[in-house]
Amino acid sequence: MNRSAALANALMLTLLLGTSDSLAGALGALLMFASVVGLYGLCMPVLRPRLTGTSALLAGLLLAATFSSCADLLAQRWFLPWQQTFGLYAGLIALQCVVLEHNGFWRSSLVERLKLCGMFGGLMLLLAGLRELIGHGSLGRGLSEDWPGFVVFSEGLHLITLIPGAFILLALLLAARQALIRPNSISKETHRP
Amino acid sequence: MNRTASAFIVLLLAVIGIGATYFVQRINAPQIAAEQRLIESRKLLDLLPLETYDNQPLEQPLDLTDTTLSHSTLSGGYRATRDGQAVAILLRTQTQGYAGAIELLIAIDTTGKLLAVKTLEQTETPALGGHLGDWPNAWLQTFTGQSAKEPTDAGWALKKDQGQFDQIAGATITSRAAISAIHDALRYFDEHRSALLGSGT
């Protein structure tokens, strides 16, 4: 992956960190993301062979913008409290579709694509669960109107609910992953004279 | 396949996209507006427990007369009802604080007792008088259950002014303004009780 692709993929961080304040927020964002990207993935293969170069990207942009604005309107109708907090990120989903198009995500195999989406969803839910648990001391709050969620402890660590806290937590998760998948290489390093 | 065909498809997509968005927006607009009103009124009215009323108080503002009171001005009044019976009157009142106008929403039950007070707007000094804007607010809760006659007129003041209420630390003027506005609203309720509660009570 070249440098500009990595930079474009980093745009995903905004969505990941911004909406993972609570499980409810992350689930809403995932639902919206899945429906917009899913619809986009259904429509684009029909259009792609009929378009050339830049116009394919332009068509993708139009399609993504249409789907995400419709999804945003429907979210306003059924999940207004969620939309008022996270509606800001809805536009980024459209941008994400175009980034995926540009980076050749749709050219890879279906299994690979599903794996990538599953990993992103898993990471988002894990991050949201941890942030809600540490930051608010509860789990699943706000998922439904008459269920307050599991309250584990009453006062949470406020920092984790903020974006900088999310960065720190993400870094810790990455560090944990590194430690888990590469324990051998580290032990090799320590044995060097 | 040529450029013209591509351009035509893009143009067609643009038209379909704009059309679809416009259509979705048009058919959902009334429901979205209703949802927004519901959320706003819940936010504004969170000083009354949701189950105590079943109407939309903000949709039926009351006509108030003589809205200029001795220390404050009433800017609106609403009636919360349950099964057609009035359960509370909400008065929106404006007074002058230390730094600027303070707007309070005061809920009074049918017997003239204060149910709750909420600050809607204030520009008082942060960390001093600004605490008036906190919600839930322990200081404003000390007024719950009081009425215009109880305590007496002299008692409706800060302890500093020989009254019976504590003040917000370091914010005498803000506290005085809030107390006078609350007292004004309770007196106004007593004076206009039948008009505010409407027929049937």
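Counting of residues starts from 1 at the beginning of each chain's written sequence and follows it residue by residue. As they are written, the chains are lettered A onward and the ligands numbered 1 onward, keeping that order. For this predicted model, a pLDDT threshold of at least 70 governs which residues receive local features, and a threshold of 80 or more governs which side-chain atom pairs are given and counted, while totals over whole chains, interfaces and linings are taken from all residues. The side-chain values count all of the structure's non-hydrogen atoms but skip hydrogen atoms and water molecules.

## A word on the side chain of Ser 175 of chain B
All names here are of chain B.
Okay, so step 1: Going along the chain from the N terminus, every DSSP run of H or I of four or more residues is numbered as a helix, and every run of E of two or more is numbered as a strand. Structurally, Ser 175 is set in helix α3 (residues 172–191).
Okay, so step 2: Polar contact is defined as a pair of N or O atoms within 3.5 Å, subject to the rule that within protein one atom must be able to donate a hydrogen and the other to accept it, and that residues adjacent in sequence are counted only when both atoms are side-chain atoms. A polar contact of 2.6 Å, which involves the side chain of Ser 175, links it to the backbone oxygen of Ala 171.
Okay, so step 3: Whether two residues are in contact is decided by their heavy atoms: any pair within 4.5 Å suffices. Ignoring sequence-local partners within four residues, the contact set of Ser 175 consists of Trp 139, Leu 158, Gln 167 and Ile 168.

## With respect to the packing of helix α2 (residues 12–19) of chain A against helix α9 (residues 163–181) of chain A
All names here are of chain A.
Okay, so step 1: Between α2 and α9, the least distance of the axes is 9 Å, while the angle of their chain directions is 110°. Classified by the angle between their axes, α2 and α9 sit roughly perpendicular to one another. Contacts between α2 and α9 involve Leu 13, Leu 16, Leu 17 and Gly 18 on the former and, on the latter, Ile 163, Ala 166, Phe 167 and Leu 170.
Okay, so step 2: Classification convention: Asp, Glu, Lys, Arg as charged; Ala, Val, Leu, Ile, Met, Phe, Trp, Tyr, Cys, Pro as nonpolar; all other residues, Gly among them, as polar. Grouping the amino acids of the contact of α2 with α9 by side-chain chemistry returns seven nonpolar, one polar and no charged. Axis definition: a line fitted to C-alpha atoms, limited for helices to the stretch in contact. Angles are taken between N-to-C directions and run from 0 to 180 degrees. Each angle receives one of four descriptions, namely roughly parallel if under 35 degrees, roughly antiparallel if over 145, roughly perpendicular if within 65 to 115, and oblique otherwise.

## Focus on the environment of Ser 175 of chain B
Okay, so step 1: Overall, the relative accessible area of 0% leaves Ser 175 of chain B in the buried class.
Okay, so step 2: The spacing of Ser 175 of chain B and Gly 17 of chain B is 158 residues in sequence and 56 Å in space, taken between C-alpha atoms. For every residue, the accessible area (1.4 Å probe, protein chains only) is compared with the maximum for its type, and the residue is labelled buried under 20%, exposed over 50%, or partly exposed between those bounds.

## Looking at the nonpolar core
Across soluble globular proteins, nonpolar side chains show a tendency to be buried alongside one another.
Okay, so step 1: Residues belong to one nonpolar core when they are buried, are Ala, Val, Leu, Ile, Met, Phe, Trp, Tyr or Cys, and are joined through side-chain atoms within 4.5 Å. Core analysis: the biggest nonpolar cluster contains 45 residues, and Phe 33, Tyr 40, Leu 47, Leu 51, Leu 63, Phe 120 and Met 124 of chain A have the highest contact counts within it.
Okay, so step 2: Where this core is concerned, the elements lending two or more residues are α2, α3 (23–47), α4 (53–78), α5 (80–86), α6 (90–102), α7 (110–136) and α9 of chain A together with α1 (3–44) of chain B.
Okay, so step 3: For this core, the element with the highest residue contribution is α3 of chain A, accounting for eleven residues.
Okay, so step 4: One finds Ile 106, Leu 158, Ala 185 and Phe 189 of chain B within the second-largest nonpolar core, a separate group that totals 34 residues.

## Topic: the interface of chain B and chain A
Accessible area lost when the parts come together is the quantity often used to give the size of an interface.
Okay, so step 1: Contacts between the two partners involve 18 residues from chain B, matched on the other side by 21 residues from chain A.
Okay, so step 2: Each of two parts loses accessible area, computed with a 1.4 Å probe, when they are put together; buried area is these two losses added. Across the interface of chain B and chain A, roughly 1800 Å² is buried in total on both sides, 72% from carbon and sulfur atoms.
Okay, so step 3: Its residues placed into classes, the side of chain B that touches chain A shows nine nonpolar, seven polar and two charged.

## Concerning the pairing of strand β3 (residues 101–109) of chain B
All names here are of chain B.
Okay, so step 1: Among the nine residues in β3, eight count as buried, and that is most of the element.
Okay, so step 2: Here, strands pair whenever DSSP counts at least two bridges between them. Of the pairings in the sheet, the one linking strand β2 (residues 85–96) to β3 comprises nine bridges and is antiparallel in character. What sits directly across from Thr 95, in β3, is Ile 102.
Okay, so step 3: Hairpin connection, β2 to β3: the antiparallel pair is bridged by four residues.
Okay, so step 4: One ladder, built from six bridges, connects β3 with strand β4 (residues 114–121); its direction is antiparallel.

## Remarks on the environment of Val 37 of chain A
Residue and element names in this part refer to chain A.
Okay, so step 1: Of note, Val 37 is situated in helix α3.
Okay, so step 2: Taking the C-alpha atoms as reference, Val 37 lies 10.0 Å from Cys 117; in sequence the two are 80 residues apart.
Okay, so step 3: Dropping the residues within four chain positions of it, Val 37 is found in contact with Cys 97, Leu 100 and Trp 106.

## Thoughts on the sheet that holds β2 of chain B
Residues and elements named next belong to chain B.
Okay, so step 1: If you trace the four strands from one edge of the open sheet to the other, you get β1-β2-β3-β4, paired in antiparallel fashion. With one partner strand each, in any of the chains shown, β1 (72–82) and β4 form the two edges of the open sheet. In this sheet, adjacent strand axes meet at a mean angle of 20° when their direction is disregarded.
Okay, so step 2: Lying over the sheet, α3 contacts β1, β2, β3 and β4, oriented at roughly 40° with respect to β3.

## Some words on the packing of aromatic side chains
Okay, so step 1: Centres within 6.5 Å are what make two rings of Phe, Tyr or Trp a pair, Trp counting through its six-membered ring; a difference in plane orientation under 30 degrees is then read as stacked, over 60 as edge-to-face, and the rest as tilted. In this structure the tally under the stated criterion is eight aromatic pairs over all chains.
Okay, so step 2: Aromatic side chains Phe 33 of chain A and Phe 120 of chain A sit 5.6 Å apart centroid to centroid with 50° between the ring planes, which places their arrangement in the tilted category. One end of the pair, Phe 33 of chain A, is in helix α3; the other, Phe 120 of chain A, is in helix α7, with 87 residues separating them in the sequence. There is no split in this pair, since Phe 33 of chain A and Phe 120 of chain A are both buried.
Okay, so step 3: Each ring, one from Tyr 40 of chain A and one from Trp 106 of chain A, has its centre 5.7 Å from the other, and the planes form 45°; the classification is tilted. A residue pair is termed long-range when its members are at least 10 positions apart, and Tyr 40 of chain A in helix α3 and Trp 106 of chain A in the loop between α6 and α7 qualify at 66 residues.
Okay, so step 4: Of the residues examined, Tyr 40 of chain A reaches a relative accessible area of 0% and is grouped as buried.
Okay, so step 5: Classification of Trp 106 of chain A by relative accessible area gives buried; the value is 14%.
Okay, so step 6: Within the aromatic cluster, the residues linked to one another by ring pairs are Trp 139, Phe 143, Trp 156 and Phe 165 of chain B.

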